[in-house]
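Okay, here's what each chain looks like letter by letter:
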Amino acid sequence: SIRVWNTSSLGECNTTMVWKNITSKVTAVRWHPADDTALAFATEDGRVGAANIRAGTTRYFAGHHKGAVYSLAWIRSNACVKGE
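So, a few notes on the structure that sits alongside this text. These numbers were taken from a predicted model, which means no experiment stands behind them. (Residues numbered from 1 in each chain as written. Predicted model: local features only at pLDDT ≥ 70, side-chain atom pairs only at ≥ 80, totals over all residues. Heavy atoms only, no water.)

## Remarks on the side chain of His32
Logical step 1: Along the chain, His32 falls in the loop between strand E3 (26-31) and strand E4 (38-43).
Logical step 2: Side-chain polar atoms of His32 contact the backbone nitrogen of Ala34, separated by 2.9 Å. (Helix = DSSP H or I, 4+ residues; strand = E, 2+ residues; numbered from the N terminus. Polar contact = N/O pair within 3.5 Å; in protein donor to acceptor, adjacent residues only side chain to side chain.)

Structure below.
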């Protein structure tokens, strides 16, 4: 699972749990460079997905790697996040 801390409020620390459909150990996360609600994640079983923190949804991309993924990078297009 992934837990996101919101520290923007003074004196408060709110958390959001991102867990839907994540069934393996999370090995990497990366915020989208322009969309603060989009978070990419990778898992120990070789899958890569994206989470929309505001909507509370997750989805995996088609296919997967043979082993754990430990590093992620966003490309300039955000078509995968928007579903275009």
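Continuing now.
## Section: the packing of aromatic side chains
Logical step 1: In total, this model carries one aromatic pair according to the counting rule given.
Logical step 2: The interplanar angle of 70 degrees and the centroid separation of 5.6 Å between the aromatic rings of Phe41 and Tyr60 together place this pair among those described as edge-to-face. Placement of the pair is Phe41 in strand E4 and Tyr60 in strand E6 (residues 57-60), with a sequence separation of 19 residues. In terms of burial, Phe41 and Tyr60 fall into one category: buried.
Logical step 3: A cation over an aromatic ring shows up here: Arg47 above the ring of Tyr60, its NZ or CZ 3.7 Å from the ring centre. (Phe/Tyr/Trp six-rings, centres within 6.5 Å; stacked < 30°, edge-to-face > 60°. Buried < 20%, exposed > 50% of the residue type's maximum accessible area, 1.4 Å probe, protein only. Lys NZ or Arg CZ within 6 Å of the ring centre and 35° of its normal.)

## Re the pairing of E6
Logical step 1: Burial along E6 is one-sided: Thr58 and Tyr60 are buried, while Thr57 and Arg59, pointing the other way, are not.
Logical step 2: Bridge count between strand E5 (residues 48-52) and E6: four bridges; the pairing is antiparallel. The residue of E6 that forms the bridge with Ala50 is Arg59.
Logical step 3: The hairpin formed by E5 and E6 contains four residues between the paired strands, and Gly56 there has a positive phi angle of roughly 75 degrees. (Pairing = 2+ DSSP bridges.)

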